[in-house]
Each structure stands twice: as structure tokens, then as C-alpha cells.
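Structural description and commentary
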Amino acid sequence: MGIFGSKNSELTKEQCDKLNDLLPNSLRKGTWKINDFKNQNMEEVHIHNRMKNYIKSKIDLYKKAEDSIVKLQVEIDLKASSKIKLFNTEIYEAKPIGLVDVGIVKKFGTASTGNRFENGLLGYAIEQSLDDAWAKGNSQEVSVNEVKELLKLKAFKLFPNCNLIYKYDVDFREIGSSGNVFVYLRGTACAGENDEVTLEIEKGRQEVEKRNKEIDKMKEDVEMMKIQMDKIPKTPEEIDSKLK
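Residues numbered from 1 in each chain as written. Predicted model: local features only at pLDDT ≥ 70, side-chain atom pairs only at ≥ 80, totals over all residues. Heavy atoms only, no water.

**Some words on the nonpolar core**
Soluble, globular proteins show a tendency: their nonpolar side chains are buried together. Counting 27 residues, the largest nonpolar core has Leu-11, Leu-19, Leu-23, Trp-32, Met-51, Ile-55 and Ile-232 as its most contacted members. Contributions of two or more residues to this core are made by α1 (13–22), α2 (47–82) and α5 (195–229). With ten residues, α2 is the largest single contributor of residues to this core. With sequence-adjacent residues up to four places away left out, Ile-55 is seen in contact with Val-222, Met-225, Lys-226 and Met-229. Core analysis: the second largest hydrophobic core is formed by 19 residues, Ile-84, Val-102, Val-181 and Ala-189 among them. (Core = buried A, V, L, I, M, F, W, Y, C linked by side-chain atoms within 4.5 Å. Buried < 20%, exposed > 50% of the residue type's maximum accessible area, 1.4 Å probe, protein only. Helix = DSSP H or I, 4+ residues; strand = E, 2+ residues; numbered from the N terminus. Contact = heavy atoms within 4.5 Å.)

**Comments concerning the pattern of salt bridges**
Summed over the entire model, instances satisfying the criterion amount to 18 salt bridges. Because the salt bridges share partners, they merge into one network encompassing Glu-202, Arg-205, Glu-209 and Lys-213. (Salt bridge = Lys/Arg side-chain N within 4 Å of Asp/Glu carboxyl O.)

**Examining a nonpolar patch on the surface**
Taken together, the side chains of Val-105, Ile-175 and Phe-182 present a nonpolar region at the surface, about 240 Å² in accessible area. Positionally, Val-105 belongs in strand β2 (residues 95–107). (Patch = residues over 30% accessible without salt bridge, like charges linked within 9 Å, V, L, I, M, F, W, Y side chains within 5 Å. Areas by Shrake-Rupley, 256 points an atom, 1.4 Å probe, with all protein chains shown as cover.)

**Digging into α5**
The terminal C-alpha atoms of α5, which comprises 35 residues, lie 51 Å apart, in line with the 51 Å expected from a rise of 1.5 Å per residue. Taken together, the buried positions of α5 are occupied by Val-197, Glu-200, Gly-204, Val-208, Ile-215, Val-222, Met-225, Gln-228 and Met-229. The opening residue of α5 is Asn-194, an N-cap whose side-chain oxygen sits 3.2 Å from the backbone nitrogen of Glu-196. (Expected span 1.5 Å × (residues − 1). Polar contact = N/O pair within 3.5 Å; in protein donor to acceptor, adjacent residues only side chain to side chain.)

**What to know about the sheet that holds β2**
Taken together, four strands build an open sheet; the order of strands is β1-β3-β4-β2 and the sheet is mixed. Edge positions in the sheet fall to β1 (85–86) and β2, since each of these pairs with one other strand and no more. Relative to strand β4 (residues 180–191), β2 runs antiparallel, the two being bridged by twelve bridges. Bridge pairing links Gly-103 to Tyr-184 in β4. (Pairing = 2+ DSSP bridges.)

What follows is the structure in C-alpha cells.
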């Protein structure tokens, strides 16, 4: 065919078209030369290596997408569990599943003389979150609400069909006079009527399914590119046989 007549001859139009058909859009060129198939140790030059690096980038991409599903599942659990409803009453119209409790140390303020909980003042303030003495957003209310979310998340993870918690109760004890408080929440995990939890679970399931389909498509594309790469010449001597 005469392409070896000079040191860096151009491939024929037919050969360029054949090669471009094997490549993703980002690697295609209007004109290909002999040098594109030389210097296999130079990854930025050799077309076979450039294709190999491209495939590796796509593999890294779908692996990152797989990792994102793990994070997504955590987000789904958090959203779904946040919709669990708490009741401090006896169980009604729900099936009890099991006991759930959680305890954590929180810092509610500066050190005290140790009698901060006399007369149940803090207890009243926590239970009555709208009380003027405990403005919404202060550290005390925020801390208790954080532990509530932990309680609901633990119930959801222990009992996946839990969507209600009955006999909810909260207790707290100051640890010495340090200002640190042990907050302890408990209740009975139950399964009953709560469409909000169901909706969040379904939305999450659909999103996971969508992402898994996208990942499957990415994997299929990678396997196809591997097949295509085997058809790409590695050396100038393979051009005639592989791009005929």
C-alpha cells in the first residue's frame, strides 16, 4: 500500500475510518499517521495505550458509581428512618416488634453545682420543646433531637419493617458537674400504618435501581471497548492486517 515510504506516512482514508469506528469519540482523529502506532512505551502517543487508559478511566468511573450506591443506601436509611413516628402512649393499631434504645453523652452547657435537674426542670424543658425557656435551635433541643434520630435509625436498621415507635421515653443524667449529660431514649419498635416511611423506601429503591442500570450499561460499554481494542493495531506492521 506504500504507507511505509516515509517515516510518518498517513493512513489511507479507509484505514482512518476503520480505526475511528473502533474508537470512542474523544479519541477519534481526522488523520492517523504511522507514529500513532509507534513508541508503545509512550502512553500519551501510542493509540493502543491511549485506548487502554480510556478504558481504565471508564472502569474507575463505574467503580466510583458503585461506591455512590453504598452512600445512597445510607441516605435512604436516614430519610426513611426520619419519618418514623414516635408515641409515648401504649401500643394501638400496630404490631410490636422489639425494644429499641440508644444512649449518648451530650454537653448541654457549662459546669454546674450538680443540682441542675432538681424539680425536673430540664426534663420539662426537653419534653416541652416549644417552651420559651428552651428556644428552638438551642444546643439542648438540638442534642435531644439528634438522639431521637439515632433512636429511629437504630430501630429501622434492627427492624426493617419498623415505621412507628410506641412507649417512647427519654431519660437524662448529668455526669458530675461537668455539664456533660447522658441522654437515654427508648421505646417499642412497631409496624403499623405510616405511608411516609413507605414512600421514602420506594423512592430510594427506584433511585438505586436507576443507578444500577446505569452501572450495568457502563460495564457493557467497557467490555465492548475491550473487544474493540483487540482490533486496534499495536505496531505499524499490524495496520494492513487489522485495518483492511
